[in-house]
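Understanding the architecture of this molecule
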Amino acid sequence: MRPYAALVLAGGGARRLGGADKPAVTVGGRPLLDRVLAACADATATVVVGPRRPTYRPVLWAREEPPGGGPLVALQAGLDALEGPARHRPAAADGPVGTVLVVSADLPFLSERAVRALVAVPDGCEVAVAYDGRDQPLLAAYRMEPLRRELALLRTEYGTLVGLPLRMVLQGLMLHRVTTPSVTAAALDCDTWEDIATARARIREHETVLDEWISAVKAELGIELDVDTAALLDLARDAAHGVARPAAPLTTFLVGYAAARAGGSAQDVERAAEAAARLARRWADEAGGTSDNAENSDNSEGSDGR
């Protein structure tokens, strides 16, 4: 995947939420802003335009001027922060940034897969924009120089960027509309409490609830390790069925502890899980053998007529 910077717009009055602090509203136990930041964690630099607040990973902060000036003013402030003095940028952001992902802070289903699809802007295009029946300029990846060009042209034409709708920036750009399922799923934003309720219900659907929970736990504990969830679930099942139900959580805890002592890599987790799984199978085999021996003993006693 080509390098990119991320720009997250987290301002606005959230009038349809009654003035609530929308980026801090939780979905799946995590603030909306943190969910967005997790999806673009591999950006070379990340700027959040809005009031400073705790976030699960470091970011740069910017504020639009004037406050409440609208999305184009916020976009300009974010770009200026990305290209500001080197002392204010992380080392990974040194050098020119060719592509910038621009998203709002209220996208609970933004995923790494959706980000990868967007930042792969095809040659000859200036923006890859999510399209779910309409263009979504706050779910798009822009070539930096064309984006700056369009902002400058709009400022010249209208005398200001204040109050202008964000969609105007797309008018002069060569578009690539992205309609992959991960991107269209990410287009669900949370403008109302009904939207929040819908998002909270969706993450609890059977097909996704486990992945959502694992992601939430990893974020809460500051863990970035990707492990074979299916293998750990198989281990928990074997421990529960072959030993006793309480053995399942205790065994997976011990596997994690052993992996951490060994170094904490995905391979360490895999080796510890395999060792515990072999033990669980031996344990179950012994139980089966004991049962068979008891049955054979009963049959032997019966044949003696005693």
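Residues numbered from 1 in each chain as written. Predicted model: local features only at pLDDT ≥ 70, side-chain atom pairs only at ≥ 80, totals over all residues. Heavy atoms only, no water.

Glancing now at the overall build of the protein. Within the protein, the secondary structure is distributed over 10 helices and nine strands. In the protein, which comprises 306 residues, the proportion classed as buried is 41%. Sequence-distant contacts, at least 24 apart, represent 65% of the contacts inside the protein between residues at least 6 apart. As displayed, the protein has an accessible area near 16,800 Å², and 53% of this comes from carbon and sulfur atoms. (Helix = DSSP H or I, 4+ residues; strand = E, 2+ residues; numbered from the N terminus. Buried < 20%, exposed > 50% of the residue type's maximum accessible area, 1.4 Å probe, protein only. Contact = heavy atoms within 4.5 Å. Areas by Shrake-Rupley, 256 points an atom, 1.4 Å probe, with all protein chains shown as cover.)

Moving on, we come to helix α2 (residues 71–82). With 12 residues, α2 should cover 16 Å at 1.5 Å per step; its first-to-last C-alpha distance of 16 Å lies within 8% of that length. Of all 12 residues making up α2, 10 are buried, and the element is well covered by its neighbours. Turning to α2, its buried residues are Leu72, Val73, Ala74, Leu75, Gln76, Ala77, Gly78, Leu79, Ala81 and Leu82. Tucked into the core, α2 has its buried residues touching β1 (5–9), β4 (46–49), β5 (60–62), β6 (99–104) and α4 (144–158). (Expected span 1.5 Å × (residues − 1).)

With that settled, consider the pattern of salt bridges. Counting across every chain of the model gives 13 salt bridges. Measuring nitrogen to oxygen at the nearest pair gives 3.1 Å for the salt bridge that ties Glu126 to Arg149. Here Glu126 is found in the loop between α3 (112–119) and β7 (127–131), whereas its partner Arg149 is found in helix α4, with 23 residues between them in sequence. Here Arg149 falls in the partly exposed class, since its relative accessible area comes to 34%. (Salt bridge = Lys/Arg side-chain N within 4 Å of Asp/Glu carboxyl O.)

Among the secondary structure elements, Thr251 is positioned in helix α9 (residues 247–262). Overall, the relative accessible area of 19% leaves Thr251 in the buried class. Polar side-chain contacts of Thr251 include one of 2.5 Å to the backbone oxygen of Ala247. With residues near it in sequence (within four places) discarded, Thr251 still touches Leu235, Ala239 and Ala276. (Polar contact = N/O pair within 3.5 Å; in protein donor to acceptor, adjacent residues only side chain to side chain.)

What follows is about the packing of aromatic side chains. Counted according to the given criterion, the structure contains one aromatic pair. Pairing Phe253 with Tyr257 gives two aromatic rings, centres 6.4 Å apart and planes at 20°, and the pair type is stacked. Here Phe253 pairs with Tyr257, and both are found in helix α9, just four residues apart, close to one helical turn. In this structure Tyr257 comes out as partly exposed when scored by relative accessible area, which is 48%. The lysine or arginine in question, Arg202, covers the ring of Phe109, its NZ or CZ lying 5.3 Å from the ring centre. (Phe/Tyr/Trp six-rings, centres within 6.5 Å; stacked < 30°, edge-to-face > 60°. Lys NZ or Arg CZ within 6 Å of the ring centre and 35° of its normal.)

In this model, α4 (15 residues) spans 21 Å end to end at C-alpha, consistent with the 21 Å of a helix rising 1.5 Å per residue. The complete set of buried residues in α4 reads Met144, Pro146, Leu147, Glu150, Leu151 and Leu154. On its buried face, α4 is in contact with α2, β6 and β8 (135–143).

This part covers the pairing of β6. Burial analysis of β6 places six of its six residues in the buried class, which makes it a mostly covered element. Covered by surrounding structure in β6 are Thr99, Leu101 and Val103 together with Val100, Val102 and Ser104, the residues of both alternating faces. The sheet contact formed by β1 and β6 spans five bridges and is parallel. Of the residues in β6, the one forming a bridge with Val8 is Val103. Where β6 lies against β8, five bridges are found, and the strand directions are antiparallel. When the bridges of β8 are listed, Leu101 appears paired with Ala141. (Pairing = 2+ DSSP bridges.)

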